[in-house]
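Topology and contacts: notes
For reference, the chains in residue letters:
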Amino acid sequence: MNFSRRGLVSRLSRTIFALAAFGALGVASAQTGKPVKLMVGFPPGGGTDAIARILAERLKDELGVPVIVENKPGAGGQIAAQALKAAPADGTTYFLSHDHTITILPMVTKNPGFAPATDFMPVAGFATFVNAFAVSGGTPAKSFNEYVNWVRTQGNGKGSVGVPAPASTPEFLVKVIGEKYKLDLVAAPYRGSAPMMADMLGNQIAAGVASVPDFIENHKAGKVRVVGVLGDKRQAAMPDVPTFAELGLAGFEDMPYYGIFAPAGTPKATVDQFSAAVAKAIAMPEVREKLTAMGLTVGYMTPQQLAAREQAYAQVWARIIKNSGFQPQ
């Protein structure tokens, strides 16, 4: 009897210890009291920053610790990505990014300072989105075709189009649009969408290409006009804006994504716990409504699904970049 009882107690102790160890991995930050840092590779005020702050507010409740958004702008998210690579793999540092930093930068930069496949762990995908072409309020064009005609007549076929980062998807889109409509369009790269938007609002630049979330609020306010979107269908947040496929520019239906990444080596239990927290956060009606209103198509992706999405997207854009003749710099 005593032996059996001691064996039972021993087994229970081992089980409790194992569960506690698993929990320690999953909620390391909560036990140490350390906040979770959610890095963003662009300045405050842009679409990615706004998205991160919406999620951080809910993630803190799910994780039981503060979730602090830390902006590390520069080089199209490259600085933040390098910081993620150097961060301790202890579950206290994550990186919220869209496709540009994770997929495009490694293909257009000779030495980006990070390799997503080996330096990062996918944690969770939470949305897809589309890029859009917008004109500033001082531009008389009310449609994309009117913009094309305006550039031809007022600019002798030449025009500058703002993009949030050099060698980005928007920059390649500017090149393709220029070739399609036989315009001499030059992409003007900015350090994020916020400074680009500031110049558009000040009529310092007539047009810009960025994500729908970057444009949506000023479009609704009538301060800029989105005149075309990519993707295979019109966006629910702006149903009157045609797709570029409707305008005759097909081949860009594969939608960019948003995801969260951790440093390589972060314990799987920690990644799984954070991923589950993201799934719960975006399932909340108020969070889903806010993200949808920003022009996102909200949908949870597991770490494995996010990795597969990243690989599929890279294959599409590797072909586009190669066909454009662009050489890594």
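The topology assignment puts G77 in the loop between β2 (67–71) and α4 (78–86). The exposure class assigned to G77 is buried, which follows from its relative accessible area of 0%. Other than its neighbours up to four places away in sequence, G77 contacts G41, F42, F95, T101 and L105.

As a further point, take unusual backbone geometry. It is generally the case that most residues other than glycine have a negative phi and that most peptide bonds are trans. One non-glycine residue, N156, lies in positive phi territory at about 55 degrees. Take N156: its relative accessible area is 66%, and that puts it in the exposed class. Look at A167: it is not a glycine, yet its phi comes out positive at around 50 degrees. One can find A167 in the loop between β6 (158–163) and α8 (169–180). Owing to a relative accessible area of 12%, A167 belongs among the buried residues under this scheme.

What follows is about the layout of surface pockets. Each pocket or cavity is described by its volume, and for the largest pocket that value is around 210 Å³. Lining the largest pocket are 13 residues, and of these P116, A117, A307, E310 and Q311 lie nearest its centre. Taken together, the elements giving at least two residues each to the lining of the largest pocket come down to α5 (99–108), α6 (116–119), β4 (120–128) and α13 (303–324). Here the element with the most residues in the lining of the largest pocket is α13; it accounts for 4 residues.

Rules of the game
Residues numbered from 1 in each chain as written. Predicted model: local features only at pLDDT ≥ 70, side-chain atom pairs only at ≥ 80, totals over all residues. Heavy atoms only, no water. Helix = DSSP H or I, 4+ residues; strand = E, 2+ residues; numbered from the N terminus. Buried < 20%, exposed > 50% of the residue type's maximum accessible area, 1.4 Å probe, protein only. Contact = heavy atoms within 4.5 Å. 1 Å grid on protein atoms, 1.4 Å probe; cavity = no way out; pocket = protein on both sides within 12 Å on 5 of 7 lines; lining within 4 Å. Points joined across faces, edges and corners; volume = space filled by probe spheres on them.

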